[in-house]
Amino acid sequence: MQNSTSYIDLEFDQQHVWHPYTSTIIPLPCYPVESAQGVYLKLEDGRELIDGMSSWWSAIHGYNHPALNQAAKSQLDKMSHVMFGGITHQPAVELCRKLVALTPAPLQHVFLADSGSVAVEVALKMALQYWHAKGQRRPKFLTVRHGYHGDTFAAMSVTDPDNSMHSLYKGFLPEHIFAESAECGFYDEWCEDDITDFRNNLIAYRNELAAVIIEPVVQGAGGMRIYHPTYLTRIRQLCDEYDVLLIADEIATGFGRTGKMFACEHANISPDIMCVGKALTGGYMTLSATLTTKHVADTVCSGEAACFMHGPTFMGNPLACAVANASLELLMQGDWQQQVHNIERQLAETLPEIGKLNKVKAVRWLGAIGVVELHETVNMAEIQKSFVDKGVWIRPFGKLIYIMPPFIIKPQELSCLTLAILQILQ
Ligand SMILES: *Cc1c(COP(=O)(O)O)cnc(C)c1O
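Residues numbered from 1 in each chain as written. Predicted model: local features only at pLDDT ≥ 70, side-chain atom pairs only at ≥ 80, totals over all residues. Heavy atoms only, no water.

J.: What's the story with the environment of histidine 65 in this structure? I'm lost.
T.: Mapped onto the elements, histidine 65 comes out in the loop between helix 2 (54–57) and helix 3 (66–78). Expressed as a C-alpha distance, the spacing of histidine 65 and valine 323, which sit 258 residues apart in the sequence, is 11 Å. Each residue touching histidine 65, except ones within four places of it in the same chain, is listed here: Tyr284 and Leu330. (Helix = DSSP H or I, 4+ residues; strand = E, 2+ residues; numbered from the N terminus. Contact = heavy atoms within 4.5 Å.)

Here you go:
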């Protein structure tokens, strides 16, 4: 890919720059992006790719959005950052007001954090401090297989043990409880048996469990599984029945991606603690939040520490909050609902065609998420190049080819994404 006009030094990149989940011995090729606009990523050589990934779920309004740009520029001229200890500011207060309004009613307290993984760490710490304050020893978490909650240690400890290679970190990583994940798909008929293993584990470990943590309705990076909302309804009921907190990790699913503002709404449930991130700033900056109820927050603060024991340096970064406010304002205008609905309808029309191919094990979709699961693991470097040659940016992993485009994608652009998948698999 290196060419004479290239000013991004790809050789240096290969020799010195570590990319996500890559090897220094056999580096995979990287594509130099020069700029991005709307749903297009512009490569340095001038080629434009239709983005099927929203930069990992986040760029829901597309790139280089005038309202988001303006929010960042205006805030930059006031202050890009001040510490959050003992200081507050309008961008953070406004953002927390919006988050409290948008999320289920019982969630009233907002903790701003740096990234999705940190929001999960914060959620787990809240649950542990909650039980500590109540004088109970509850050191375990219950989750399900095929989950993904981030790459830091506590987040990794509740991520699928095989995908996150728990064996590598044995002795260091806390060991939690994994129940079988839902088998019943979103559009299948609900089968009550699906919750049996989860229920058995919850009952068996109930006196040790601080919380259940789960990705509502869509399991993202752990397998792109889209499961029946009743599975989530049952989890809420069981947590209530056996007095265990429920943490909903909405980092991938939040802000309209599944066709609801939050995926919990598919099951009409409210968690005790909720994590949001990824699309929070419309893909501009890293920012996340953990929300909880007044009951949990006040219990945490009634304990031995008399406060919640966390406070990152860049907490409540004004620049990130300002962009998040602009992104949420765009969402609150409401166009996303029709946009996501249209994407879902188009995926429902086109994916079954792809599902007929021999190489394909299954296809599934929900909202602005489309998934093609193959029988065999893809050759990443090869398939990535084929997609780029077809003018689309789709990044598969393992046996999964999946798309979650910006909500503003046009029908003919979405067709290019699904057609590229169809042609490459043919
Ligand atoms: C991406 C993701 C995380 C981790 O977020 P980072 O910002 O990458 O740390 C956690 N949970 C879920 C469900 C995610 O999709």
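What follows picks up the thread again.
J.: Hey, could you run me through the domain arrangement of the protein in this one?
T.: Often, the extent of an interface is quoted as the loss of accessible area on bringing the components together. Splitting the protein by domain gives domain 1 (10–64 + 334–425) and domain 2 (69–333). Taking both partners together, domain 1 and domain 2 bury about 2500 Å²; carbon and sulfur atoms supply 64% of that area. For the domain 1 face of the interface with domain 2, the top three residues by lost area are Trp57, Trp336 and Leu366, together amounting to 31%. Put simply, domain 1 and domain 2 have zero salt bridges between them. (Domains from an automatic or database assignment. Buried area = accessible area lost by both parts, 1.4 Å probe. Salt bridge = Lys/Arg side-chain N within 4 Å of Asp/Glu carboxyl O.)

J.: I'm lost on helix 3 in this one. Help?
T.: It helps to recall that an α-helix has 3.6 residues per turn; residues three or four apart then point in one direction. Here helix 3 is 13 residues long and its end C-alpha atoms lie 19 Å apart, about the 18 Å a rise of 1.5 Å per residue gives. Looking at helix 3, one finds that the buried residues are Leu68, Asn69, Ala71, Ala72 and Gln75. When helix 3 is viewed along its axis, its buried side chains cluster within an angular range of 160° and face the same direction. Relative to its buried face, helix 3 has exposed residues pointing more than 90 degrees away, namely Pro66, Lys73 and Asp77. As for helix 3, its buried residues are in contact with helix 4 (90–102) and helix 10 (318–332). (Expected span 1.5 Å × (residues − 1). Buried < 20%, exposed > 50% of the residue type's maximum accessible area, 1.4 Å probe, protein only. Arc of directions from axis to C-beta.)

J.: How should I be thinking about the UniProt feature "binding site: substrate" (unreviewed entry) in the protein in this particular structure?
T.: Per the UniProt record, the feature "binding site: substrate" (unreviewed entry) sits at Trp56, Tyr148, Lys278, Gly311 and Arg395. In summary, the annotated positions, distributed over 340 residues, remain apart in three dimensions as well, the widest C-alpha pair reaching 34.4 Å. Among the annotated residues just listed, those lining the largest cavity are Arg395. Note on placement: glycine 311 falls in the loop between helix 9 (294–301) and helix 10. Relative to the helices and strands, arginine 395 is located in the loop between strand 15 (392–393) and strand 16 (400–403). Using a relative accessible area of 23% as the deciding quantity, one classes arginine 395 as partly exposed. Excluding residues within four positions of it along the chain, arginine 395 makes contact with Leu28, Met53, Met380, Gln384 and Tyr402. Side-chain polar atoms of arginine 395 contact the side chain of glutamine 384, separated by 2.5 Å. (UniProt positions renumbered as here; feature names shortened; annotations may be inferred. 1 Å grid on protein atoms, 1.4 Å probe; cavity = no way out; pocket = protein on both sides within 12 Å on 5 of 7 lines; lining within 4 Å. Polar contact = N/O pair within 3.5 Å; in protein donor to acceptor, adjacent residues only side chain to side chain.)

J.: Explain the site of the ligand to me, please; I cannot follow it from the model alone.
T.: Around the ligand lies a shell formed by Ser115, Gly116, Ser117, Tyr148, His149, Gly150, Glu215, Asp249, Ile251, Ala252 and Lys278. Side-chain polar atom of aspartate 249 to a nitrogen atom of the ligand: 2.7 Å apart, as the coordinates give it. In this structure, lysine 278 approaches the ligand through a side-chain N or O atom, which is 2.6 Å from an oxygen atom. Notes on the ligand: free accessible area 380 Å², of which the protein chains cover 82%. (Near = heavy atom within 4 Å. Areas by Shrake-Rupley, 256 points an atom, 1.4 Å probe, with all protein chains shown as cover.)

J.: Even after reading the chapter, I still don't get the packing of aromatic side chains, so can you show me in this structure?
T.: Here a ring pair, both rings aromatic, is described through the centre-centre distance and the interplanar angle of the planes. One pass over the structure, following the stated rule, counts 11 aromatic pairs. Aromatic pair phenylalanine 111 and phenylalanine 308: ring centres 5.3 Å apart, planes at 90°, arrangement edge-to-face. Of this pair, phenylalanine 111 sits in strand 4 (residues 107–113) while phenylalanine 308 sits in the loop between helix 9 and helix 10, placing them 197 residues apart in sequence. In this pair, the class of phenylalanine 111 matches that of phenylalanine 308, namely buried. Ring plane angle 85° and centroid distance 5.8 Å describe the contact between phenylalanine 153 and tyrosine 169, whose orientation is recorded as edge-to-face. With phenylalanine 153 in helix 6 (residues 153–157) and tyrosine 169 in the loop between helix 6 and strand 6 (177–179), the pair connects residues that are 16 residues apart, well separated along the chain. When its relative accessible area of 28% is taken as the criterion, tyrosine 169 is described as partly exposed. Across from the ring centre of tryptophan 131, 3.7 Å away, lies the NZ or CZ of arginine 138, which sits over that ring. (Phe/Tyr/Trp six-rings, centres within 6.5 Å; stacked < 30°, edge-to-face > 60°. Lys NZ or Arg CZ within 6 Å of the ring centre and 35° of its normal.)

J.: Even after reading the chapter, I still don't get the side chain of glutamine 346, so can you show me in this structure?
T.: With respect to the helices and strands, glutamine 346 occurs in helix 11 (residues 335–355). Taking the relative accessible area as the measure of exposure, glutamine 346 reaches 13% and is therefore buried. When neighbours within four sequence positions are excluded, glutamine 346 is seen to be in contact with Pro411, Leu414 and Ser415.

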